[in-house]
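Structural overview
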Amino acid sequence: MRFATVMVAAFAAMNAAASLAWAQTNDAPPPVLFTNVDVFDGFGPDLIKGANVLVEGNVITQVSTDPITVEGAFVVDGTGKTMTPGLIDMHQHVMLNPPEGTAAYQTRWDGAAGGAFAMHHLVNNMLLKGITTVRDIAGDPLDIAKGIDMGLLPGPRIYSSGGAISQTGGHGDWAGRNVPPDLLAGHADMSQATQNTWVVDGPEEVTKAVRLNLRRGAAFIKVMGGGGVASEFDPLDIMGLSEEEVAKAVEIAKDNGTYVAVHAYHDDSYDRHLRLGTRSFEHGFLISEDMVKRMVKKYNETKDIVWSFQCFMSINSFGSYDTMPAFFSHEQKLKGVAVGKGARNAAKWMNEHGMFIVGGSDMFSPGLVERIKEDLTCNVKAGFTPTQALKHWTGNAGIVLKWSGPKDPYPTYKLGTIAPDSYADILLWDGNPLEDIEMILDESKLVFVMKDGLTYKNTFVGAGSPIFRPARAPLTRGQFPL
Ligand SMILES: [Zn+2]
């Protein structure tokens, strides 16, 4: 019975998406000219009032407060609306959306169900809610990403790390307690069969796992630098990959022109990764103010590291024992309480000292994935201004995505900004989120979603108009032209 319900839900989601996205047109879409719209360009601090924005194909070609005239353009009067770049969730796990958390693939669901859950949420809880890009930071949605890029499936852009790189017993070891050692060593448990995580030990195995991810199209590499909340065998205080293992992951990533992101909570793991060349620092909710200062100093000197803040999960969900996900054990909930406390301090220090920050929800599984945008609004509760919060989720994120270098699946234009030579990922809001950040949670205020020059949501311009055209993305990643 339960299985049937899930299947029906999945089909309903796909049909709804199909009516929006799967029809094809052979006509070249006309240029789209937005007029008299107030623009948040991804950085601010102020809105560009009364701007005109021209989209040609899948790219923004002009942003100006002077009039723009273009032959044959479809004109959208943006009076009273605010335009922002599409939102970018920099810490997502789209393949980990079965309800029981990371262990679910061991006992309850196969990879096909994992893909169906992923598609449902990519469409309904990301793209249609204005999240036009996700950085998927452990998990393997790489062929779903390929289907999206080929125009076969609707969905946001996906920058994926492929499977997480973890040591045995680390944050990426999701196998059951009774999996025989020879099966673990042979990578035969289900999490690894789905390639959502790799359990590896020693520089040689790290090399192999990193290269397997990159071979499949990973844009960057995710490693486990210490213990976690949602895994069973690793107290928060432990270290993850060893010095040699981290150095090897960073070396192979650099050899491929891309970077390493680390899951880590405390000073010891941040220290190891700062010394060894990791660039994206996730979580960090137990670090000291001295470590924050060290990170800011390094950022100011090199501009090559970032702090990735998971506000909602650390401050809201882990705010108290009772607000944590129901599938967590007692021990996992205790770990979460410690994280919630540290997170408030980390956010305050990062803000005060001026760290370069992106926002990533880490919100997956039913009950959380529907609320992803609350991570952005949570930034304001943590002491950031609405402008900073939006910048974490747009302009700053776009900069970090480009650190993938030759592994960037969307290499041609900028992301996270409303500026010439940017992908046309555009939202229109009925109101001004810089004045009232909570309005972004009201879906009726999000009147228009464009990704890659194609319209996915439009409650604003007449539905019969040329702007409401079927989505058909150009080939940017698929190797098999249709
Ligand atoms: Zn995560």
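Below is a short write-up of the structure. Note that residues are indexed from 1 along each chain, following the sequence as it is written. Local features are withheld for residues below a pLDDT of 70 in this predicted model, meaning they are given only at 70 or higher, and side-chain atom pairs are given and counted only at 80 or more; totals for whole chains, interfaces and linings count all residues. Working from all heavy atoms in the structure, the side-chain values ignore hydrogens and water.

**Considerations on the coordination of the zinc ion**
As a reminder, the rule being used: Metal sites are built from N, O and S donor atoms within 2.8 Å, or 3.2 Å for Na, K and Ca, and they leave out water, so they may look incomplete. Helix and strand assignments come from DSSP, with helices taken as H or I runs of at least 4 residues and strands as E runs of at least 2, each series counted from the N terminus. Residue burial is assigned from relative accessible area. The probe radius is 1.4 Å, only protein chains are included, and a residue is buried under 20% of its type maximum, exposed over 50%, and partly exposed in between.
Bound to the zinc ion are the protein donor atoms H91 (NE2), H93 (NE2) and D362 (OD), situated 2.1 to 2.4 Å from the metal. The motif formed by the donor residues of the zinc ion, counted along the single chain, is H-x1-H-x268-D. Placement of the pair is H93 in the loop between β6 (87-92) and α2 (104-107) and D362 in the loop between β15 (357-359) and α13 (373-381), with a sequence separation of 269 residues. By the burial criterion, H93 is buried, and D362 matches it.

**Notes on the state of the cysteines**
Note the cut-off: By definition, disulfides here are pairs of cysteine sulfur atoms that lie within 2.5 Å.
Per the stated rule, a full pass over the model turns up 1 disulfide. A disulfide bridge connects C311 with C378, and the sulfur atoms are separated by 2.1 Å. The chirality of the disulfide connecting C311 with C378 is left-handed, given an S-S dihedral of about -65°. With C311 in helix α11 (residues 311-316) and C378 in helix α13, this residue pair connects regions lying 67 residues apart in the sequence.

**Regarding the packing of helix α7 (residues 203-216) against helix α8 (residues 243-255)**
Angle between the axes and distance between the axes are the two parameters that describe a pair of packed helices. Formally: With axes taken as lines fitted to C-alpha atoms, and helix axes fitted only over the stretch in contact, angles between N-to-C directions fall between 0 and 180 degrees. Geometric relationships in this document are graded by angle, where less than 35 degrees denotes roughly parallel, more than 145 denotes roughly antiparallel, 65 to 115 denotes roughly perpendicular, and other angles denote oblique. Rotating anticlockwise by less than a right angle from the far helix to the near helix defines a left-handed crossing, while the corresponding clockwise rotation defines a right-handed one. Note on contacts: a residue pair is in contact if any heavy atoms of the two residues lie within 4.5 Å.
Where α7 meets α8, the closest approach of the two axes is 9 Å, and the angle between their N-to-C directions is 30°. Between α7 and α8, the angle falls in the class roughly parallel. For the pair α7 and α8, the crossing hand works out as right-handed. From α7, P203, V206, T207, V210, R211 and L214 reach across to α8, where they touch E244, E245, K248, A249 and I252.

**A few points about the packing of aromatic side chains**
The line we're drawing: A pair of Phe, Tyr and Trp rings is counted when the ring centres sit within 6.5 Å of each other, with Trp represented by its six-membered ring. The angle between the planes then sorts it: under 30 degrees is stacked, over 60 is edge-to-face, the rest tilted. For a Lys NZ or an Arg CZ to count as sitting over a ring, it must be within 6 Å of the ring centre and within 35 degrees of the ring normal.
Overall, the coordinates contain 14 aromatic pairs when judged by the stated rule. Measuring from centroid to centroid gives 5.1 Å for W109 and F117, while their planes differ by 85°, and the two rings are edge-to-face. One exposure class covers both W109 and F117, and it is buried. Relative to Y259, the ring of F220 lies with its centre 5.3 Å away and its plane at 10°, an arrangement referred to as stacked. Of this pair, F220 sits in the loop between α7 and β11 (221-224) while Y259 sits in the loop between α8 and β12 (260-264), and the two are 39 residues apart along the sequence. Neither residue differs from the other here; F220 and Y259 are each classed as buried. Across from the ring centre of Y410, 5.0 Å away, lies the NZ or CZ of R157, which sits over that ring. R157 extends its terminal NZ or CZ atom over the ring of Y423, reaching a point 4.2 Å from the ring centre.

**So, the pattern of salt bridges**
Stated precisely, the cut-off is as follows: Here, a salt bridge means any Lys or Arg side-chain nitrogen found within 4 Å of an Asp or Glu carboxyl oxygen.
Enumeration over the complete set of coordinates arrives at 18 salt bridges. Ionic pairing is found between E301 and K297, a salt bridge with its closest N-O pair at 3.2 Å. Placement of both E301 and K297 in helix α10 (residues 289-302) is noted, with a separation of 4 residues, approximately one turn of the helix. Each member of the pair, E301 together with K297, is exposed. D408 is the salt-bridge partner of K402, the closest N and O atoms lying 2.8 Å from each other. K402 gets classed as partly exposed once you look at its relative accessible area, which sits at 28%. Classification of D408 by relative accessible area gives buried; the value is 7%. Here the residues in one salt-bridge network are E243, D271, R272, R275 and R294, joined through shared partners.

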